[in-house]
Amino acid sequence: MIPVIGQKGIIGTPSAWTPTYKAWGDAEKQLNIFVVFTSIKGTIAALRTAGTLANRLHGHITLMVLEVVPFHLPLNKPPVLHEWNERRFRVLAAGCPVETSVMFYLCRDWEEALASALKPHSLIVIGGQKKRWWPTSESRLAGRMRGLGHEVILAETE
């Protein structure tokens with residue numbers, strides 16, 4: 001079953017793919033760094049930053065992929081095949097030097113789903129464009145996540 005996040009929170013459980021995964025008891029004691037998928041370039045930059053942090057702090061990375069399903073489709077039937085997306089993100093996660101898991105969420109509202117999927121005071125890395133004088137969508141997302149009490153690092157693309 002593919003997870004869905006509706007207006008009342010998570011329905012079902014997240015679909016996960018973990019290339020190298022330890023027992024949950026060990027993982028719960030480690031620092032968990034969440035990387036939010038924004039774009040391929042942005043996510044690669046965020047994974048580099050999170051990988052450096054995870055190496056230094058002996059943590060692991062969770063790549064969060066939130067797929068928005070249009071209203072004209074059932075919430076559990078995304079327009080892109082889940083298997084195709086899973087293969088695509090396996091490649092991204094495999095390039096990370098530390099333990100990395102990938103969590104997929106189906107939702108209607110991307111930001112609402114992200115807010116309900118994260119635990120309070122999570123460490124989040126968001127990749128985005130270099131700083132500009134106007135706010136980018138990634139910097140606005142980082143600001144909203146900080147407003148919810150999360151620690152956010154904005155990793156710039158090259």
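For the structure given in this document, a descriptive report is provided here.

So, how was this worked out
Residues numbered from 1 in each chain as written. Predicted model: local features only at pLDDT ≥ 70, side-chain atom pairs only at ≥ 80, totals over all residues. Heavy atoms only, no water. Salt bridge = Lys/Arg side-chain N within 4 Å of Asp/Glu carboxyl O. Helix = DSSP H or I, 4+ residues; strand = E, 2+ residues; numbered from the N terminus. Buried < 20%, exposed > 50% of the residue type's maximum accessible area, 1.4 Å probe, protein only. Contact = heavy atoms within 4.5 Å. Pairing = 2+ DSSP bridges. Right-handed = clockwise from strand over helix to strand, strands pointing away.

### With respect to the pattern of salt bridges
- Using the criterion set out here, one finds two salt bridges in the structure.
- Residue E86 is joined to R90 by a salt bridge in which the shortest nitrogen-to-oxygen separation is 2.7 Å. Linking E86 with R90, this pair stays in helix α3 (residues 82-94), spanning four residues, or about one helical turn.
- Overall, the relative accessible area of 17% leaves E86 in the buried class.
- The salt bridge involving R144 is made with E111; its shortest N-O contact spans 2.4 Å. One end of the pair, R144, is in helix α5 (residues 137-147); the other, E111, is in helix α4 (residues 110-117), with 33 residues separating them in the sequence.

### Quick notes on the side chain of T62
- Locating T62 in the fold gives a position in strand β5 (residues 60-68).
- Not counting residues up to four positions away in its chain, the partners in contact with T62 are N32, I33, F34, V35, S101 and M103.

### Notes on the pairing of strand β7 (residues 123-128)
- Among the six residues of β7, six are classified as buried, and the element is accordingly described as predominantly covered.
- Alternating residues of β7 divide into L123, V125 and G127 and I124, I126 and G128, and every residue in both groups is buried.
- Two strands pair when backbone bridges link them, and strand β4 (residues 32-36) and β7 are joined in this way by four bridges, in the parallel orientation. Residue V35 lies in a different strand from β7, and its bridge partner there is V125.
- Looking at chain direction, β7 and strand β8 (residues 151-156) are connected through six bridges and run parallel. Paired with L123 across the two strands is E151, which belongs to β8.
- Once you follow β7 into α5 and on to β8, the crossover reads as right-handed.

### Considerations on unusual backbone geometry
- Look at H58: it is not a glycine, yet its phi comes out positive at around 55°.
- Tracing the sequence through the fold places H58 in the loop between α2 (40-57) and β5.
- Here the phi dihedral of H121 falls at roughly 60°; this positive angle occurs in a residue that is not glycine.
- Structurally, H121 is set in the loop between α4 and β7.
- For H121, a relative accessible area of 64% puts it in the exposed group.

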